[in-house]
Amino acid sequence: MESLVNTYRNRLEQINNDFVRYLMPQINWNNRLFAVVGARGTGKTTLLLQYIKQNLDASKAFYMSLDDLYFTTNRLVDVVRRLWQEGITHLFIDEIHKYPYETWAQELKNIYDSYPEIKVVFSGSSILNIYKGNADLSRRAISYELFGMSFREFLEFECIKKIEPVKLDEIVKNHISIASEIIRGIKILPLFRKYLQFGFFPYYKEDLQNYHLRLLNTVSAVLETDLPAVENIAFVSVQKLKRLLAIIAAMTPFTPNMTDLGRQVELQRSNLPKSLILLERARLLGLLRNADKNPNDLSKPEKIFLDNPNLAFALGVRNPNIGNLRETFFHNQLKVVSKVSAATKGDFAVDNQYVFEVGGKGKDFSQIANIPNSFVVADDLEMGFGHKIPLWLFGLLY
């Protein structure tokens with residue numbers, strides 16, 4: 001137990017609040033039990049520790065990570081009992097999916113029921129289904145997801161400019177005035193290019209030169225450690241998932257031929273949709289579906305993207321296709337705040353209200369002619385005009 005206390009104190013001492021992720025003010029921290037999930041590397045641990053440092057008496061709060069060796073021989077419920085006896089009122093449990101017992105859901109339920117004086121926040125992989133298990137958490141816990149950094153956050157993290165999030169409707173209606181204000185005094189396009197290559201995960205700043213190698217290691221850790229900890233993946237080996245990811249990374253966005261793709265990966269066609277959904281939940285892929293499809297639909301998606309543009313560079317793609325990067329960025333940023341689906345004409349339908357065609361600055365309106373509420377989203381453009389909007393502006397949504 002002493003080792004857990006020392007780890008908590010050391011980690012809290014090292015944390016700083018110079019930059020805080022977008023999710024912090026969106027969370028209702030007064031909830032008695034909730035989850036913060038997200039892809040590995042998005043900053044969940046930092047978020048929890050920042051909240052403690054900013055808002056709580058550290059002696060009344062306690063942070064612990066369940067991947068600590070202490071939990072190989074000790075149960076979570078026993079630790080919480082001791083913390084309750086010592087007057088802890090706020091408990092932050094990290095890496096819940098690493099708990100070496102299959103009873104984490106039941107234990108959380110018991111903690112919630114037995115210690116109403118304690119507020120509990122737990123975090124885990126984006127793959128984690130907090131409602132899955134032998135205990136019904138659906139009436140007790142809600143879930144927030146922390147996505148990777150937006151372009152807006154990247155500008156703040158780089159100490160370039162602090163900008164408040166902009167709603168999609170505001171971008172569509174007022175993109176000229178918004179862009180005009182932001183680009184005053186800065187060269188936005190070189191910064192956007194840097195973001196596409198390096199800016200999605202906060203840890204890029206620790207070692208820019210080796211960022212893509214570290215990101216590749218993160219991908220391997222998700223496939224080799226996080227997935228087996230959360231899901232039964234007997235239907236496919238980890239190596240086949242790696243091969244699937246590599247094949248998709250080398251392609252431009254496309255409507256997949258499931259039979260051909262399955263053959264390349266040596267997967268039965270019936271197992272391929274499950275693999276794609278699993279990689280999507282792990283935030284390694286982004287799947288574009290028709291508007292009437294739900295995320296668990298096993299029919300083939302209309303397009304397959306990598307989850308974020310940084311992955312293309314990390315997975316060793318030489319000179320990633322610029323059209324691929326553009327659409328990947330747009331899909332990645334919009335899905336956080338909107339419902340994004342395949343459009344009958346154009347590239348994306350958003351919230352069943354707008355249609356967007358994504359391309360370079362020379363992109364015309366021929367593919368979306370006469371479609372109401374349709375817009376061209378153009379790369380290599382600082383400012384737009386009319387229904388032509390700069391691509392980088394869609395990085396300001398969260």
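All of the points below concern the structure found in this document. Everything numeric in this text was worked out from a predicted model, so none of it was measured.

**Overview of the pattern of salt bridges**
Item 1. This structure, assessed with the given rule, holds 21 salt bridges.
Item 2. Of the charged contacts in the structure, one is a salt bridge between aspartate 226 and arginine 40, with a shortest N-O distance of 2.7 Å. Of the two residues, aspartate 226 sits in helix α8 (residues 211-230) while arginine 40 sits in the loop between β1 (33-38) and α2 (44-55), which places them 186 residues apart along the sequence.
Item 3. The buried category is assigned to aspartate 226, whose relative accessible area is 3%.

**Quick notes on the packing of helix α7 (residues 188-198) against helix α13 (residues 322-334)**
Item 1. For the pair α7 and α13, the least separation of the axes is 11 Å and the interaxial angle reads 85°. Judged on the interaxial angle alone, α13 and α7 are roughly perpendicular. Only Ile322, Phe329 and Gln333 of α13 make contact with α7, whose side of the interface consists of Phe192, Arg193, Tyr195 and Leu196.

**Points about the nonpolar core**
Item 1. Among the nonpolar cores identified, the biggest contains 133 residues, and Met64, Ile93, Phe151, Phe330, Phe356 and Trp392 are the most heavily contacted of them.
Item 2. In contact with tryptophan 392, not counting residues within four places along its chain, are Phe151, Ala179, Ile182, Ile183, Ile188, Leu189, Phe192, Phe329, Leu381 and Glu382.
Item 3. Counting 7 residues, the second-largest nonpolar core is a separate cluster that includes Ala349, Val355, Ile368 and Leu381.

**Regarding the sheet that holds strand β11 (residues 374-378)**
Item 1. What the 5 strands build is an open sheet, ordered β8-β9-β10-β11-β12; its pairing is mixed. Taken across any chain shown, the strands that pair with only one partner, and hence form the sheet edges, are β8 (340-342) and β12 (388-390). Mean inter-strand twist for the sheet, computed between neighbouring axes without regard to direction, equals 35°.
Item 2. Relative to β12, β11 runs parallel, the two sharing 3 bridges. When the sheet's bridge partners are listed, alanine 378 is paired in β12 with proline 390.

**A closer look at α8**
Item 1. Taking 1.5 Å as the rise per residue, α8 with 20 residues should run 28 Å; its terminal C-alpha atoms sit 26 Å apart, in good agreement.
Item 2. Of the positions making up α8, those classed as buried are Tyr211, His212, Leu215, Thr218, Val219, Ala221, Val222, Leu223, Asp226, Leu227 and Val230.
Item 3. Along its buried surface, α8 packs onto β4 (119-125), α7, α9 (238-249), α11 (272-281) and α12 (310-314).

**Comments concerning the sheet that holds strand β5 (residues 142-146)**
Item 1. The 5 strands are arranged β2-β3-β4-β1-β5 in an open sheet whose pairing can be described as parallel. Unpaired on one side and paired on the other, β2 (61-65) and β5 mark the two borders of the sheet. Neighbouring strand axes in the sheet, compared pairwise and without regard to direction, differ in orientation by 20° on average.

**Let's talk about the layout of surface pockets**
Item 1. Here the largest pocket is characterised by a volume of approximately 1,000 Å³.
Item 2. Around the largest pocket, the lining is made up of 41 residues, and of these Gly41, Gly43, Thr46, Pro202 and Glu206 lie nearest the centre.
Item 3. Of the residues forming the lining of the largest pocket, the biggest block, 5 residues, is contributed by α2.
Item 4. Here the residues of the lining of the largest pocket are counted per class, giving 12 nonpolar, 16 polar and 13 charged.

**Considering empty space enclosed by the protein**
Item 1. Inspection of the entire model under this criterion finds 4 cavities of 30 Å³ or more.
Item 2. Approximately 80 Å³ is the volume attributed to the largest cavity.
Item 3. Lining the largest cavity, in full, are Ala39, Arg40, Phe201, Leu215, Thr218, Val219, Val222, Ala282, Arg283, Leu284, Asn308 and Leu311.
Item 4. For the lining of the largest cavity, the leading source of residues is α8, giving 4 residues.
Item 5. Taken together, the residues of the lining of the largest cavity break down into 8 nonpolar, 2 polar and 2 charged.
Item 6. Of the voids in this model, the second largest cavity is the one considered here, and its volume is about 50 Å³.
Item 7. Taken together, Ala39, Thr42, Leu146, Phe147, Gly148, Phe200, Phe201, Arg283 and Asp307 form the lining of the second largest cavity.

**Considerations on the pairing of strand β6 (residues 285-288)**
Item 1. Residues Leu285 and Leu287 of β6 are buried on one face, and the alternating residues Gly286 and Leu288, pointing to the opposite face, are buried as well.
Item 2. In this sheet, strand β7 (residues 303-306) lies alongside β6 in antiparallel orientation, the contact comprising 4 bridges. When the sheet's bridge partners are listed, leucine 285 is paired in β7 with leucine 306.

Conventions and cut-offs
The residue count restarts for each chain, going from 1 along the sequence in the order it is written. Residues qualify for local features only when their pLDDT is at least 70, as the model is predicted, and side-chain atom pairs are given and counted only at 80 or more; totals for whole chains, interfaces and linings, by contrast, use all residues. Only hydrogens and water are removed before side-chain values are computed, so all heavy atoms of the structure are retained for them. Counted as salt bridges are all cases of a side-chain nitrogen of Lys or Arg within 4 Å of a carboxyl oxygen of Asp or Glu. Every helix listed is a DSSP run of H or I at least four residues long, and every strand listed is a run of E at least two residues long, numbered separately from the N terminus. Working definition: with a 1.4 Å probe on protein chains only, accessible area under 20% of the residue-type maximum means buried, over 50% means exposed, and in between means partly exposed. Only the contacting stretch of a helix is used when fitting its axis, a line to C-alpha atoms as for every element, and angles between N-to-C directions run 0 to 180 degrees. With respect to orientation, any angle under 35 degrees is reported as roughly parallel, any angle over 145 as roughly antiparallel, any angle of 65 to 115 as roughly perpendicular, and every other angle as oblique. Contacts: residue pairs with any heavy atoms within 4.5 Å of one another. Here, the term nonpolar core denotes a set of buried Ala, Val, Leu, Ile, Met, Phe, Trp, Tyr and Cys residues that are joined through side-chain atoms within 4.5 Å. Any two strands with at least two DSSP bridges between them are considered paired. One less than the residue count of a helix, multiplied by 1.5 Å, gives the span that helix is expected to have. In this analysis, the protein atoms alone were mapped onto a 1 Å grid. Cavities are point sets where a 1.4 Å probe fits without being able to get out; pockets are open sets with protein on both sides within 12 Å along at least five of seven lines; lining residues have an atom within 4 Å of a point. Grid points are joined across faces, edges and corners, and a volume is the space filled by probe spheres set on the points. Classification convention: Asp, Glu, Lys, Arg as charged; Ala, Val, Leu, Ile, Met, Phe, Trp, Tyr, Cys, Pro as nonpolar; all other residues, Gly among them, as polar.

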